[in-house]
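Here is what each chain is made of, one letter per residue.
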Amino acid sequence: MSVLLLAAVAIPGGLAAFLTFGRPRLGLAIGSVTAILAVAVAATIGAQDAVPLAGTVVSGSDGLRTVALTWAAVIALLGLADVLVGSGGATLGPSLMGLGTGVLALSVADAGIGFALLTAGGLAAAVGPLAWLPGAGSDVALVGLRLLRPLVLAGLLGLAAVAWGASAVGPFVAADPFAGVDPALETALGLGLLVVVTAVIVRMGAIPAHVWASRLAEAVPVAAVPATLGWGAAGFALVALGWVEVTIAPAAAPLFAEHGLIAVVAAASVLLGGLAAMLHDDLEHVLGYSIVQDAGIALLAFGVIRPDVAQAGRDWLIGMVAVKSGLAAWVLVTRATFRVRRLSELRGWARSSPLLALTFVVVALGAVGLPGMATFAARSLLTEAAVASPFDLFVLAAAFAPLVYLGRILVVGLDRMSDAVRGSEGTRPRLRGFRPAGWTAGSAPAVAMAVPTAFQAAIRANRFALAAGSALLVAVIGLGVATAGLGGAAVEQPLGGELGVTERSSPIDGGL
Amino acid sequence: MNPALAGVALAVTAGAVIAASSREARAALVGLALVLGLGPFLTDPLPGAAILGARVVTGILVVYLLWAVAARSEARGLGSRLGWPAESVIAAGVAIAGVAMAAGLASVTPGAPLPGPATSPLDALTPSALALAAGLASLVVGLAPACFGGRALRSAVGLLLVVQGLVLARTGLAGPPGALEQLGIDGLVLTVGTSAALIAHIERRSTPEGERTDDRATDAGRSGRGDAGPGRPDPSSASATGR
């Protein structure tokens, strides 16, 4: 029931926040209340939640709670930072709509529902914030069209694969469990796998479909990037992974050529995404291409169809999305604090703002990983299982590119301060100067009347410090999720058996 | 053959051709309304009244939103360069291919009755065949505007034709979607239409009346544009109290 409640809170609340953003106070109030409620409801999702709804089962699980709670908390904290120093909260409503549809999509076994809902949520999260960009003109409309097409294309490819899988020529009907794999069916299985992986490539912005992701990172407010390229795309990949486990895996077809092709594309994303993140100078592109590189590693989960590899893919997807949400929060606050976007102008940022430096170190720790962390083990397993030796070592080495591109940013931050950094307000808390004149001599009602004004002034003066604190919290959450993963949620957990509706579990828990 | 379903399939296909080829916004949106409003009826058995109502109302709402954006000024960039006769021929050819595909699928379905020797060609027009035929026709005529439409309204029409076409093709291939999947599709259509209407609104309020409007001009402008994104909000203007 809690999953449905979350959807019932987040979708209408997000829509209301989006529609009322023209009146910022009202829109922000609705968005803030909805975000807090979403966090509270997400925390109550449990493995016992299973509600029959319109012919299927909406079911919760421990893994889904981890995803929903992290996603909701990131939206709330990023929304706070965005309100304080970013676009003023324009991303809050669309991100909440994406959360509601995404969690609902991950709670049902039917991949068709998942693809449709995640595409709808992704569109809302990506296009919504464009409406409130100040001075949005024809260039913004063009960007919107360029975001619309790949998102819809990915969803339609996913729906087409699901339609094939359920048709008379799909594996459920055409496969003969006692006669091995028919060559024609093997070809069809390979094509089905490639179609779904193509959908994932487009949706996640992996190379060669990375152009739209790069444009998104530079065009929309930074706070909208995790909602679109991160959480929504990860949900899409999770649904695709579940579909592959249920539709392709049971046929036990070898599919060597298809797996090889997927491994090549994934390796290209890992290598070139990391390289692009190293070469680019502006923070938004570093963020965008680091996500492209993560998408490449996630694609390796489709290169071998094995339960342990699929689970590693899930751990990687959720952990990295959480970590990159922290990086997005850092980019948002850093860019707003120093009012520059290029690394060459950010010399000394870490010396100027220790809070941001701490945030960045936490993000870097999560992105690079340490032995014992779920994402570290997942990355090793994915490269080892999907890429032939000795090339797996090259891909694994390239996957450590965050050491270079994040290390470069940190080194620049420890350098002598640039003029832009020196002239910025910084993120140090300011505790003086908010008390109204005549405070001690004033009457109690007068003091009471002055408190809200002083409070607002204190928030305004400390907005960069508060935003940096939000970013630090997002980074810490990301590090925690990257360390713990989904907590081994890939156990076989068939749902709906008693209800007789479906024999599959949700994409979070694995399809087998 | 069910004559009512055949009529619906014909109306959906004709609507797709009109939507993709008309240069008038009003006619294009009427065609789109036919596709989105009648498409949900192209299944056997019909979904429940609530689901059917939701799908039809969503289709009308989407068309209304696009109409609200396009109504106050001349819609630009609409219309196919091939013209409606060519689009009709393409749609008819694809629809015939869809019927043939459906017949092929029916023959490989386990437990399907074998066709008798005296079957009429019209017997091939089963509900699945009609859905697949209309769906593929809508999908194919919508591809060009969806992929290459330089203007938001034309892209919106194309994308909605492709989405509805794929949903119909899915119905023809794998049977009618379940109720929750119908609602998911409903949400997808609504979001695609709303997003496109939003983009069309942004485009319309920023385009001077005298600007060149054909797709070629738009594409040329697009290719000449650098990688720089649109203006991001100035962080310095943001404050704790709003934008």
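Located above this text is the structure these notes cover.
Described in the following lines is the structure provided in the data block. It should be emphasised that the depicted structure is a prediction, and the values quoted were computed from it without experimental measurement.

### Considerations on the overall build of chain B
Logical step 1: Check the secondary structure of chain B and you find eight helices and zero strands.
Logical step 2: Of all 243 residues assigned to chain B, the portion counted as buried reaches 50%.
Logical step 3: For chain B, restricting intrachain contacts to residue pairs at least 6 apart in sequence, the fraction spanning at least 24 positions comes to 80%.

### A few points about the overall build of chain A
Logical step 1: Each helix and strand in chain A was counted, giving 21 helices and two strands.
Logical step 2: A buried classification covers 63% of the 512 residues belonging to chain A.
Logical step 3: For chain A, the proportion of contacts with a sequence separation of at least 24, taken over those separated by at least 6, is 79%.
Logical step 4: A total accessible area of about 17,500 Å² is found for chain A, and carbon and sulfur atoms account for 68% of it.

### A closer look at the pairing of strand E1 (residues 50-53) of chain A
Residue and element names in this part refer to chain A.
Logical step 1: Note: E1 against strand E2 (residues 56-59), four bridges, orientation antiparallel. Across the sheet, residue Leu53 finds its bridge partner in E2, namely Thr56.
Logical step 2: Adjacent in sequence and paired antiparallel, E1 and E2 are bridged by two residues, among which Ala54 carries a positive phi angle near 50 degrees.

### Observations concerning the interface of chain A and chain B
Logical step 1: Opposite the 67 residues of chain A that make contact, chain B presents 53 residues.
Logical step 2: Taking both sides of the interface into account, the surface hidden between chain A and chain B amounts to around 5,000 Å²; carbon and sulfur atoms contribute 69%.
Logical step 3: Among the residues chain A hides against chain B, the three largest losses belong to Leu145, Arg149 and Leu156 of chain A. Together they make up 11% of the total.
Logical step 4: Our count for the contact surface shared by chain A and chain B stands at two residue pairs in polar contact (both at pLDDT 80 or more).
Logical step 5: Those elements that place two or more of their residues in the side of chain A that touches chain B are helix H3 (62-85), helix H5 (111-127), helix H6 (138-166), helix H9 (211-219), helix H13 (307-338) and helix H20 (444-461) of chain A.

### Re the packing of helix H4 (residues 92-106) of chain A against helix H10 (residues 225-247) of chain A
Angle between the axes and distance between the axes: these two values describe a pair of packed helices.
Residues and elements named next belong to chain A.
Logical step 1: Remark: H4 packs on H10, axes separated minimally by 10 Å, with the N-to-C direction vectors making an angle of 10 degrees. Overall, the two elements H4 and H10 adopt an arrangement that is roughly parallel. Touching Ser95, Ala105 and Leu106 of H4 are Ala227, Gly235, Leu238 and Val239, all from H10.

### With respect to the nonpolar core
Logical step 1: Of all hydrophobic cores here, the largest spans 231 residues; its most connected members are Leu99 and Trp349 of chain A together with Leu32 of chain B.
Logical step 2: Looking at which element gives the most residues to this core, the answer is H13 of chain A, with 19 residues.
Logical step 3: Contact partners of Leu99 of chain A, with chain neighbours within four places excluded, come to Leu6, Ala10, Ala38, Ala68, Trp71, Ala72 and Ile75 of chain A.

### Focus on the packing of H10 of chain A against H13 of chain A
Residues and elements named next belong to chain A.
Logical step 1: Where H10 meets H13, the closest approach of the two axes is 9 Å, and the angle between their N-to-C directions is 175 degrees. Here H10 lies roughly antiparallel to H13, going by the angle between them. Contacts between H10 and H13 involve Pro226, Gly230, Trp231, Ala234, Ala237, Leu238, Leu241, Gly242 and Glu245 from the first element and Pro307, Ala310, Arg314, Leu317, Ile318, Val321, Ala322, Ser325 and Ala328 from the second.
Logical step 2: For the contact of H10 with H13, a count of residues per class yields 13 nonpolar, three polar and two charged.

### A closer look at the side chain of Glu203 of chain B
Logical step 1: Inspection of the secondary structure puts Glu203 of chain B in helix H7 (residues 179-206).
Logical step 2: Overall, the relative accessible area of 14% leaves Glu203 of chain B in the buried class.
Logical step 3: Engagement of the side chain of Glu203 of chain B in a polar contact is seen with the backbone nitrogen of Ala152 of chain B, the distance being 3.4 Å.
Logical step 4: Setting aside chain neighbours within four positions, we find Glu203 of chain B in contact with Ala141 of chain A together with Gly150, Arg151 and Ala152 of chain B.

### Digging into helix H6 (residues 152-174) of chain B
All names here are of chain B.
Logical step 1: Its 23 residues place the ends of H6 32 Å apart at the C-alpha level, agreeing with the 33 Å of an ideal helix rising 1.5 Å per residue.
Logical step 2: The buried fraction of H6 amounts to 21 of the 23 residues, a majority that puts the element mostly inside the structure.
Logical step 3: Of the residues trailing H6, Gly175 is marked for its positive phi of about 85 degrees.

### A short note on the environment of Leu151 of chain A
All names here are of chain A.
Logical step 1: Along the chain, Leu151 falls in helix H6.
Logical step 2: For Leu151 and Thr119, which are 32 residues apart along the polypeptide, the C-alpha to C-alpha distance reads 6.5 Å.
Logical step 3: Residues in contact with Leu151, not counting those within four places in the same chain, are Thr119, Gly122, Leu123, Ala126, Arg203 and Trp212.

### Here we look at H3 of chain A
Logical step 1: Here H3 of chain A spans 34 Å end to end across 24 residues, near enough to the 34 Å set by a 1.5 Å rise per residue.
Logical step 2: With respect to burial, H3 of chain A is a largely interior element, 18 of its 24 residues being buried.

### With respect to the pattern of salt bridges
Logical step 1: A complete count under the given rule lists ten salt bridges over all chains for this structure.
Logical step 2: In this structure, the salt-bridge partner of Arg422 of chain A is Asp419 of chain A, at a minimum N-O distance of 3.4 Å. A residue pair is termed a helical-turn pair when its members lie 3 or 4 positions apart in one helix, as Arg422 of chain A and Asp419 of chain A do in helix H19 (residues 419-422) at three residues.
Logical step 3: Residue Arg170 of chain B pairs with Glu181 of chain B through a salt bridge whose shortest N-O separation is 3.1 Å. With Arg170 of chain B in helix H6 and Glu181 of chain B in helix H7, this pair connects stretches of sequence that are eleven residues apart.
Logical step 4: The class of Arg170 of chain B is buried, set by a relative accessible area of 12%.
Logical step 5: A single network of salt bridges, built from pairs that share partners, joins Glu284, Arg335 and Arg341 of chain A.

### Quick look at the packing of aromatic side chains
Residue and element names in this part refer to chain A.
Logical step 1: One pass over the structure, following the stated rule, counts seven aromatic pairs over all chains.
Logical step 2: Judged by centre distance (5.4 Å) and plane angle (70 degrees), the ring pair of Trp349 and Phe360 falls under edge-to-face. Taken together, the positions of Trp349 in helix H14 (residues 349-352) and Phe360 in helix H15 (residues 354-368) put the pair eleven residues apart, joining distant regions of the chain.
Logical step 3: Grouped by ring-pair contacts, the aromatic residues Trp330, Trp349 and Phe360 constitute a single cluster.

Procedures and definitions
- Residues numbered from 1 in each chain as written.
- Chains lettered and ligands numbered in written order.
- Predicted model: local features only at pLDDT ≥ 70, side-chain atom pairs only at ≥ 80, totals over all residues.
- Heavy atoms only, no water.
- Helix = DSSP H or I, 4+ residues; strand = E, 2+ residues; numbered from the N terminus.
- Buried < 20%, exposed > 50% of the residue type's maximum accessible area, 1.4 Å probe, protein only.
- Contact = heavy atoms within 4.5 Å.
- Areas by Shrake-Rupley, 256 points an atom, 1.4 Å probe, with all protein chains shown as cover.
- Pairing = 2+ DSSP bridges.
- Buried area = accessible area lost by both parts, 1.4 Å probe.
- Polar contact = N/O pair within 3.5 Å; in protein donor to acceptor, adjacent residues only side chain to side chain.
- Axes fitted to C-alpha atoms, helices over the stretch in contact; angles between N-to-C directions.
- Parallel < 35°, antiparallel > 145°, perpendicular 65-115°, else oblique.
- Core = buried A, V, L, I, M, F, W, Y, C linked by side-chain atoms within 4.5 Å.
- Nonpolar A, V, L, I, M, F, W, Y, C, P; charged D, E, K, R; others polar.
- Expected span 1.5 Å × (residues − 1).
- Salt bridge = Lys/Arg side-chain N within 4 Å of Asp/Glu carboxyl O.
- Phe/Tyr/Trp six-rings, centres within 6.5 Å; stacked < 30°, edge-to-face > 60°.

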